[in-house]
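Below are the chains, spelled out letter by letter.
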Amino acid sequence: MPIGRAISAGAILALALAATSAFAAADEEHESAAQSDFSAPVEGAAALEGRILGPCCWTQTLDIHGSPISNDLRRELRRRLLAGESADAIQADFVRRYGERILAVPPGNPLKDVGVLLSLAFGAAGIGAGAMLLRWRRRAQADQANRLDEDAGAGKKPRKRDAYDDQIDSELEKL
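Summary of the structure given here. These figures come from a predicted structure and were not determined experimentally. (Residues numbered from 1 in each chain as written. Predicted model: local features only at pLDDT ≥ 70, side-chain atom pairs only at ≥ 80, totals over all residues. Heavy atoms only, no water.)

### Quick word on the overall build of the chain
- The helix and strand tally for the chain stands at 6 helices and 0 strands.
- In sequence order, the chain lays out its α and β elements as α-α-α-α-α-α.
- Out of the 175 residues belonging to the chain, those deemed buried represent 17%.
- Total accessible area on the chain is roughly 13400 Å²; 61% of this is exposed by carbon and sulfur atoms. (Helix = DSSP H or I, 4+ residues; strand = E, 2+ residues; numbered from the N terminus. Buried < 20%, exposed > 50% of the residue type's maximum accessible area, 1.4 Å probe, protein only. Areas by Shrake-Rupley, 256 points an atom, 1.4 Å probe, with all protein chains shown as cover.)

So this is what it looks like as structure tokens:
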């Protein structure tokens, strides 16, 4: 009897594994069908998906959110873009259906102004850093010239040449 139980347990295990693999294959087919809708590039789709939030949680834009409703909206906007409808008209329709909350950056949001101000600030900082480096370089050159003038005025003799200097000069002439 223990052998019969082992065989039946093995058969049950084999059936369970077969069922699991069948469900996994069905999920992969469903996933690949869902992804196939998004594999072909549609002009303007990426920009529009980045401006619209997923209405399921209102935290991520359609281009990165993977919920079923977000995927449905992505399919809809791609289908409408392919049909020739403008991105602004599609966005206006989504705003009409879901409210302004659907927009990642609603009108009147100061986020756009912050970007412009940051760009100007970084540009001004770059110009200031360049001017400062130029001033430091000029000051270093002036200090070096002053030291050379002081050395010449103090009557210091130039350094004597040695055998290595002559050897280097001769090797340079050969090149």
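### Details of the nonpolar core
- Among the nonpolar cores identified, the biggest contains 12 residues, and these are V42, A45, L48, I52, L62, L73, L77, L81, I90, F94, I102 and L103.
- Mapped onto this core, the elements with two or more residues apiece are α2 (45–51), α3 (68–82) and α4 (87–98).
- In terms of residues, this core owes the most to one element, α3, which gives 3 residues. (Core = buried A, V, L, I, M, F, W, Y, C linked by side-chain atoms within 4.5 Å.)

### Details of the pattern of salt bridges
- In the structure shown here, the tally under the stated rule is 9 salt bridges.
- D72 serves as the salt-bridge partner of R75, at 3.0 Å between the closest nitrogen and oxygen. Separated by 3 residues within a single helix, R75 and D72 lie in helix α3, roughly one turn from each other.
- In this structure, the salt-bridge partner of R97 is D93, at a minimum N-O distance of 3.1 Å. With R97 and D93 both in helix α4 and 4 residues apart, the pair spans about one turn of that helix. (Salt bridge = Lys/Arg side-chain N within 4 Å of Asp/Glu carboxyl O.)

### Observations concerning the side chain of T61
- For T61, the position within the fold is in the loop between α2 and α3.
- Its relative accessible area of 14% is what places T61 among the buried residues.
- A polar atom in the side chain of T61 sits 2.3 Å from the side chain of D63. (Polar contact = N/O pair within 3.5 Å; in protein donor to acceptor, adjacent residues only side chain to side chain.)

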